[in-house]
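Examination of the molecular architecture
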Amino acid sequence: MKLVLSFLISISAVFPAFAAETAPPLQTIQSLDVPRYMGTWFEIAKYPNRFQKQCVRNTSAEYSLQKDGTVKVLNRCQLASGDMDEAEGQARQIGGLKSPKLEVRFAPAWLSWLPMVWGKYWVIDLDPEYQLVAVSEPSREYLWVLARTQQVDKAKYNALLQRLKAKGFDLNKLELSPQGS
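Parameters at a glance
Residues numbered from 1 in each chain as written. Predicted model: local features only at pLDDT ≥ 70, side-chain atom pairs only at ≥ 80, totals over all residues. Heavy atoms only, no water. Helix = DSSP H or I, 4+ residues; strand = E, 2+ residues; numbered from the N terminus. Buried < 20%, exposed > 50% of the residue type's maximum accessible area, 1.4 Å probe, protein only. Contact = heavy atoms within 4.5 Å. Areas by Shrake-Rupley, 256 points an atom, 1.4 Å probe, with all protein chains shown as cover. 1 Å grid on protein atoms, 1.4 Å probe; cavity = no way out; pocket = protein on both sides within 12 Å on 5 of 7 lines; lining within 4 Å. Points joined across faces, edges and corners; volume = space filled by probe spheres on them. Nonpolar A, V, L, I, M, F, W, Y, C, P; charged D, E, K, R; others polar. Disulfide = S-S within 2.5 Å. Lys, Arg positive; Asp, Glu negative; His and termini not counted. Salt bridge = Lys/Arg side-chain N within 4 Å of Asp/Glu carboxyl O. Polar contact = N/O pair within 3.5 Å; in protein donor to acceptor, adjacent residues only side chain to side chain. Pairing = 2+ DSSP bridges.

What follows covers the overall build of the chain. Helices and strands together make up the secondary structure of the chain, namely three helices and nine strands. Sequence-ordered secondary structure for the chain, helices as α and strands as β, is α-α-β-β-β-β-β-β-β-β-α-β. For the chain, with 181 residues in total, the buried portion stands at 40%. Sequence separation of 24 or more characterises 51% of the internal contacts of the chain that already satisfy a separation of 6 or more. Total accessible area on the chain stands at roughly 11100 Å², and carbon and sulfur atoms take up 60% of it.

So, in structure tokens, the structure goes:
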């Protein structure tokens, strides 16, 4: 019993140090006009992740609103072979009609009843013109910077990076996504 008690005391003594280093809860934008968000977005940068390891350039996402209110998601990227890879998914808005929180799944529709197949897709930064966006999820494990064009204005991109840093993102983890040729 003494061993368990001393372990619990040592954990509680260390925990505040870890808590001080954690970022505050991730904030989204105020509201999202989903129909205006539809269309093609080019990946400008991202946190590296396992499901995009095969992508070497020209990564994009195309969103289209469906009659039932869901969003069809078509992600594309170019492989090292030069071939294009595609993944089709579905997104749904969580909350009201202006909610910037969505969930997305790429698993087959018959698995959509399982909560674990839905990933969080939170719009955390978006310019008023709907031209440059940052998307993440509460744990900040994933991050994507997307734009309507393959190249973005450097000043606008740098300003976005500073806002992401203020939200607790590690900019050293951000990897540029080559676009073109």
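Considering all chains together, one arrives at one cavity of 30 Å³ or more under this definition. Reported here for the largest cavity is a volume of approximately 60 Å³. Along its surface, the largest cavity is lined by Leu32, Val34, Tyr37, Met38, Tyr63, Val71, Ala91, Leu102, Tyr121 and Val123. Taken together, the elements giving at least two residues each to the lining of the largest cavity come down to α2 (34-37) and β6 (119-126). Classifying every residue of the lining of the largest cavity by side-chain character gives 10 nonpolar, no polar and no charged.

Turning next to the state of the cysteines. Note on terminology: disulfide describes a covalent bond linking the sulfur atoms of two cysteines. Throughout the structure, instances matching the rule amount to one disulfide. The side chain of Cys55 participates in a disulfide bridge whose partner is Cys77; the two sulfur atoms lie 2.1 Å from each other. An S-S torsion of about -65° defines the bridge between Cys55 and Cys77 as left-handed. Taken together, the residues span a long stretch of sequence, with Cys55 in the loop between β1 (39-46) and β2 (57-65) and Cys77 in strand β3 (residues 71-78) at a distance of 22 residues. The exposure class assigned to Cys55 is buried, which follows from its relative accessible area of 15%. Relative accessible area serves as the criterion here: at 3%, Cys77 is assigned to the buried category.

Mapping Lys167 onto the fold places it in the loop between α3 (154-166) and β9 (175-176). Buried Lys167, no salt bridge; nearest opposite-charge side chain is Asp125, N-O distance 5.7 Å. A polar contact of 3.3 Å, which involves the side chain of Lys167, links it to the backbone oxygen of Ile124. When residues no more than four places from it in sequence are discounted, the contact partners of Lys167 are Ala23, Leu26, Gln27, Ile124 and Arg140.

Moving on: the pairing of β2. Note that β1 and β2 share four bridges and pair antiparallel. Opposite Gly39, over in β2, you have Tyr63 as the bridge partner. As judged from the seven bridges shared by β2 and β3, these two strands associate in the antiparallel manner. Bridging from a neighbouring strand, Glu62 pairs with Leu74 of β3.

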